[in-house]
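Chains, contacts and geometry: an overview
Here is what each chain is made of, one letter per residue.
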Amino acid sequence: GGQQLRLFNAHHDKYGFQPIVVFDGAGRFVSAILRPAKRPSGAEIRPHLRRLVRAIQINWPNIRILLRGDSPYCNPQVIDWCRANDVDFIFGLAPTTTLRKHVADLEASTTARFEASAKRGKVRRFKKFVDGAASWSRVERIIARVEVGAHGGDIRFVVTNLAGGKAKALYEDVYCRRGAAENHIKSWKAHLAADRTSCTRATANQFRLFLHAGAYWLMWGLRAATPRLSSFAVAQFDTLRLRLIKIAARVVEMKSQIRLHLPTFCPGQRILRIVPIASPNSRHKDGAQTPRTEPPTGTCEPPPAITPEQSRRMTRRVEKHRNGDHSVASGRQSLSPCIKAARWQQGLCRPSIAAKYA
């Protein structure tokens, strides 16, 4: 308790924060700004959007930017700034009495159509019109979605400056993709514990958000590296952590590769053989790919090749070792590589010894 910027929110009935979190269309984490738990104003949102859009345009000057947000981001300052900077937007719009008058007839006809049907599912219809609030500098294109089901009717409004497209396509294909951002926030908050902002100073809690943003990028990159047709390509972060990260394994570092020895019943064996290959960071400086990780086996792998002279000396040493003469090699750990190679050829080595050659 006692954190800076914390504020009591009556809806959630507790103290907390409501940060502004931004993701792109593919789910990549863009930014997170710590702020009090209250509705953001246009004077607060506009400077953040200005810095964000400027940074994007510096790196990708020819890209077209579309801002998609909930109703708190629909205010005159943000709309005017988007139009002045040639930025597309589609925001949720809180329903008012004036807006409901535009869809009164559509709501009545939709209800009648639902009553005349088998009353299974829902009846959804759309309408587009032009209107604006008294505080807006001009009228805007507004899309209404009217839905009637067994639990009654529901009306939603969105405002956009996109000129083309049908009302249904703009609402379902463009605006409703905002729901994916809710899942990204859930993954960031619940699966990566981004809500652990227990420091007293606001700057420390903001730094915590940056650290959790880095953790999000690591998990997102791991999921993006998995095959598209596998179940891991759409898995949640907690599933990836339990199936691919929090597992018991023995890591053996070699000169040209890193080999993972997993339990026999590890559930993610097959995917672990693919992820290191598909990862963009798994290439050497000369461009060669990192070899695949091998599945867990109980057999010994062949040691490096030996010369004929080493083979003759090795045979004599093995005979002495079998006869109990430990003057050459006493104990398993002090065996020379030649004796170990001979024991492997005769099937006398164990997996724990052969793992040193793995």
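This text goes with the structure placed above it.
I will try to describe carefully the structure that is included in this document. The written sequence of each chain sets the order in which its residues are numbered from 1. This being a predicted model, a pLDDT of at least 70 is required before a residue's local features are given, and a value of 80 or more before pairs of side-chain atoms are given or counted; all residues contribute to the totals for chains, interfaces and linings. Calculation of side-chain values draws on the structure's entire complement of heavy atoms; hydrogens and water are dropped beforehand.

1. Here's the deal with the overall build of the protein
Each helix and strand in the protein was counted, giving 13 helices and 11 strands. Each residue is assigned to one of three classes by its accessible area relative to the maximum for its type, calculated with a 1.4 Å probe on protein chains only: buried under 20%, partly exposed between the two thresholds, exposed over 50%. Within the span of the protein, comprising 358 residues, buried residues form 37% of the whole. Here the accessible surface of atoms and residues is derived via Shrake-Rupley with a 1.4 Å probe, and residues count as covered only by protein chains that are part of the display. On the protein, roughly 21,900 Å² of surface is accessible, and the fraction owed to carbon and sulfur atoms is 53%. Strands are runs of DSSP state E lasting at least two residues, helices are runs of H or I lasting at least four, and both sets are numbered from the N terminus onward.

2. Brief notes about the pattern of salt bridges
Think of a salt bridge as a Lys or Arg side-chain nitrogen and an Asp or Glu carboxyl oxygen that are within 4 Å of each other. Tallied over the entire structure, the rule returns 14 salt bridges. In this structure, Arg-28 and Asp-24 form a salt bridge, with 2.9 Å as the shortest nitrogen-oxygen distance. Measuring nitrogen to oxygen at the nearest pair gives 3.8 Å for the salt bridge that ties Arg-145 to Glu-147. Here Arg-145 falls in the buried class, since its relative accessible area comes to 5%. With relative accessibility at 11%, the residue Glu-147 sits in the buried group. One network of salt bridges, with partners in common, ties together Lys-122, Arg-124, Arg-145, Glu-147, Asp-154, Arg-156 and Glu-172.

3. Comments concerning a nonpolar patch on the surface
A surface patch of nonpolar side chains, amounting to about 340 Å² of accessible area, comprises Phe-207, Phe-210 and Leu-211. Looking at the element boundaries, Phe-210 is found in helix H7 (residues 202-225). According to the relative accessible area criterion, Phe-210 is partly exposed, its value standing at 48%. Each patch is built from salt-bridge-free residues with over 30% relative accessible area, joining like charges within 9 Å and nonpolar side chains (Val, Leu, Ile, Met, Phe, Trp, Tyr) within 5 Å.

4. Quick look at the sheet that holds strand S8 (residues 140-149)
Pairing within the open sheet is mixed, and its five strands lie in the order S5-S6-S9-S8-S7. The outermost strands of the open sheet, each flanked by one partner alone, are strand S5 (66-69) and strand S7 (123-131). Averaged over all neighbouring strand pairs, the angle between strand axes comes to 20 degrees, with direction disregarded. If DSSP finds at least two bridges between two strands, the strands pair. Summarising the sheet, S7 and S8 pair through nine bridges and their orientation is antiparallel. Bridged to Asp-131 within S8 is Glu-140. Should any heavy atoms of two residues lie within 4.5 Å, those residues are counted as being in contact. What counts as an axis is a line fitted to C-alpha atoms, over the stretch in contact for a helix, and the angles between N-to-C directions run from 0 to 180 degrees. Contacting S5, strand S6 (88-93) and S8, helix H2 (residues 76-84) runs over the sheet at an angle of about 165 degrees to S6.

5. A closer look at a positive patch on the surface
Neither His nor the chain termini are counted; the positive set is Lys and Arg, and the negative set is Asp and Glu. The atoms used to mark charge sites are NZ of Lys, CZ of Arg, CG of Asp and CD of Glu. On the surface, Arg-46, Arg-50, Arg-51 and Arg-54 cluster together into a patch of positive charge. Note on Arg-54: relative accessible area 46%, which makes it partly exposed.

6. Looking at the side chain of His-48
Topologically, His-48 is positioned in helix H1 (residues 42-59). Exposure remark for His-48: the relative accessible area of 9% places this residue in the buried category. Excluding residues that lie within four positions of it along the chain, His-48 makes contacts with Ile-20, Val-22, Ser-31 and Ile-33.

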